[in-house]
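An overview of the molecular structure
Residues per chain, in single letters:
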Amino acid sequence: MAIKFEYFDLKGLGELTRYILAYAGADYEDVRIAMDLWPSKKPQTPFGSMPVLTLENGNEYAQGTAIARFFANKYSLAGTTDEERLLADMIVENFRTDAWPLLLKIFLEKDDQKKLELSNDARPKVCDWLKRINDGYVKGTKSVLGSGISWADFALFNFVNDMLPAVNMKLDPELTRLQAVVDSVKAIPQISAWIEKRNDTPV
Amino acid sequence: MPLKLEYFNLRGAAELSRLILAYADEKYEDCRISFEEWPSKKANTPLGTLPVLTLENGEKLPQSTAISRYLANKFGLAGKSNEEKLLCDMFVETIKVDMWKMVAGVAFEKDPSVKAEKLAEARPKVNDWMQRLEKYVQGSDTVLKSGFSWADIAVFNVVNDLLPVANIQLDPKLTKLHAVVKRGKAQPKIAAWLAKRPVTDL
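Below is a summary of the structure that appears in this document. These numbers were taken from a predicted model, which means no experiment stands behind them. (Residues numbered from 1 in each chain as written. Chains lettered and ligands numbered in written order. Predicted model: local features only at pLDDT ≥ 70, side-chain atom pairs only at ≥ 80, totals over all residues. Heavy atoms only, no water.)

**Describing the overall build of chain A**
- Within chain A, the regular secondary structure consists of eight helices and four strands.
- Ordered by position in the sequence, the α and β elements of chain A form the string β-α-β-α-β-β-α-α-α-α-α-α.
- Relative to a compact globule of 203 residues, whose C-alpha radius of gyration would be 17 Å, chain A shows 17 Å and is just as compact.
- Dimensions of chain A, computed from the C-alpha atoms along their principal axes, are close to 45 × 45 × 30 Å.
- Burial status across chain A gives 52% buried among its 203 residues.
- Total accessible area on chain A stands at roughly 9,000 Å², and carbon and sulfur atoms take up 52% of it.
- A gap of 1 Å separates the mean positions of the 25 positive and 29 negative side-chain charges of chain A. (Helix = DSSP H or I, 4+ residues; strand = E, 2+ residues; numbered from the N terminus. Rg over C-alpha atoms; globule rule 2.2 N^0.38 Å. Buried < 20%, exposed > 50% of the residue type's maximum accessible area, 1.4 Å probe, protein only. Areas by Shrake-Rupley, 256 points an atom, 1.4 Å probe, with all protein chains shown as cover. Lys, Arg positive; Asp, Glu negative; His and termini not counted. Charge placed at Lys NZ, Arg CZ, Asp CG, Glu CD.)

As structure tokens, then:
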């Protein structure tokens, strides 16, 4: 039985795992659940949520970041010391737990006035976080960790390349350390091949 | 320089780390920032947030769950295999991200009628998550088959320290989770910490 990764037909919170698996050249079933099928599928999932990972042994797991970290560990992309692991986790947690919900709320808001208010509220927070990460936490010249590429780089790339544009934000060009990481990930053959072949979605 | 953990004078998002440090019997500076001093301290924190962990080498790192995981790894509480680590992370993410958001929303709500509405929404949702977590408890009183881990401490923390604030109880039918909580409470170092820690509302 191959590994199966089920998520909606979106990048959303699933794409980080897909980037890691693309980088690793891993064989897996990339299952996309259509929104109209979701209500009947939901009760069958471990936590009534997506994504769901099914391992070769048949065990099922939920929680997008936990799943991404599993693959980061599996493919030695999690960091080489406990402190590096902490740094990677910090970056990932900031983007996925703190920033993403703010951006998602903007994306889903239909009222233009409210959308603008939410955006004006979120933008300085997100920009401030990005600046602090740029100035204090990018330890390599092209990678977050001093030891080289890690899932933190993919999380950053996912945030800048996929999440910010969904709400019309972009990375401040002055944040050159972050930009160097983003450019480096984009240039990885497996990643550019994946981006080329994937079904692109607005979010 | 020992470890320093800075947070508000609350249990909140830092208590999981404090419980792990207590279990490991590790000396650290338990630094509590008052709400009055926070505005002046905020700019000097890595991301303008608390908690912040300062390592022995002086490096400062925020993000509460990342900090807890670092401590769990440091003290051998994170699981013995990659799959066990995933199971712990699944428990912690459900507890610290999903459950936390719902329950904190109730706890922090000042308007009594809105609070009652939020509670009515939160209670079945929390119960549902707990039922699902119950199915994933692999030991007789530990989440992992291999023994005690930070997932057990996270379960203890949410049931003992967070749910009561929102007046939510763990369903008595969830006997495995109750066993996990009971074991957590009985750990001598954890019990000692519970007896001596500052008493706060949240």
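**Let's talk about the nonpolar core**
- Membership of the largest hydrophobic core comes to 141 residues, with the highest contact counts inside it found for B:Phe91 and B:Met130.
- No other element matches the eleven residues that helix α4 (residues 82-108) of chain A contributes to this core.
- Residues in contact with B:Met130, not counting those within four places in the same chain, are B:Met99, B:Val158, B:Val159, B:Leu163, B:Leu170, B:Leu174 and B:Leu177. (Core = buried A, V, L, I, M, F, W, Y, C linked by side-chain atoms within 4.5 Å. Contact = heavy atoms within 4.5 Å.)

**So, the sheet that holds strand β3 (residues 52-54) of chain A**
Residue and element names in this part refer to chain A.
- Across the sheet, which stays open at both edges, the four strands sit in the order β2-β1-β3-β4 with mixed pairing between neighbours. Among the strands making up the open sheet, the edge pair consists of β2 (28-33) and β4 (60-62). For this sheet, the mean inter-axis angle between neighbouring strands, taken without regard to orientation, is 20°.
- Pairing between strand β1 (residues 3-8) and β3: three bridges, direction antiparallel. (Pairing = 2+ DSSP bridges. Axes fitted to C-alpha atoms, helices over the stretch in contact; angles between N-to-C directions.)

**Some words on helix α1 (residues 15-23) of chain B**
Residues and elements named next belong to chain B.
- A large share of α1 lies buried, amounting to eight of its nine residues.
- Within the sequence span of α1, burial applies to Glu15, Leu16, Ser17, Arg18, Leu19, Ile20, Leu21 and Ala22.
- Here the buried face of α1 lies against β1 (3-8), β2 (28-33), α3 (64-74), α4 (82-108), α6 (150-162) and α8 (188-196).
- Following α1 by one or two positions, Asp25 has its phi on the positive side, about 55°.

**A look at the pairing of β1(B)**
Residue and element names in this part refer to chain B.
- The element β1 is extensively covered by neighbouring structure, given that five of its six residues are classed as buried.
- As paired strands, β1 and β2 are joined by six bridges and run parallel to one another. Bridge pairing in β2 links Leu3 to Tyr28.
- Note on the crossover from β1 through α1 to β2: the handedness is right-handed.
- In terms of strand pairing, β1 meets strand β3 (residues 52-54) through three bridges, oriented antiparallel. Residue pairing across strands places Glu6 opposite Val52, the latter belonging to β3. (Right-handed = clockwise from strand over helix to strand, strands pointing away.)

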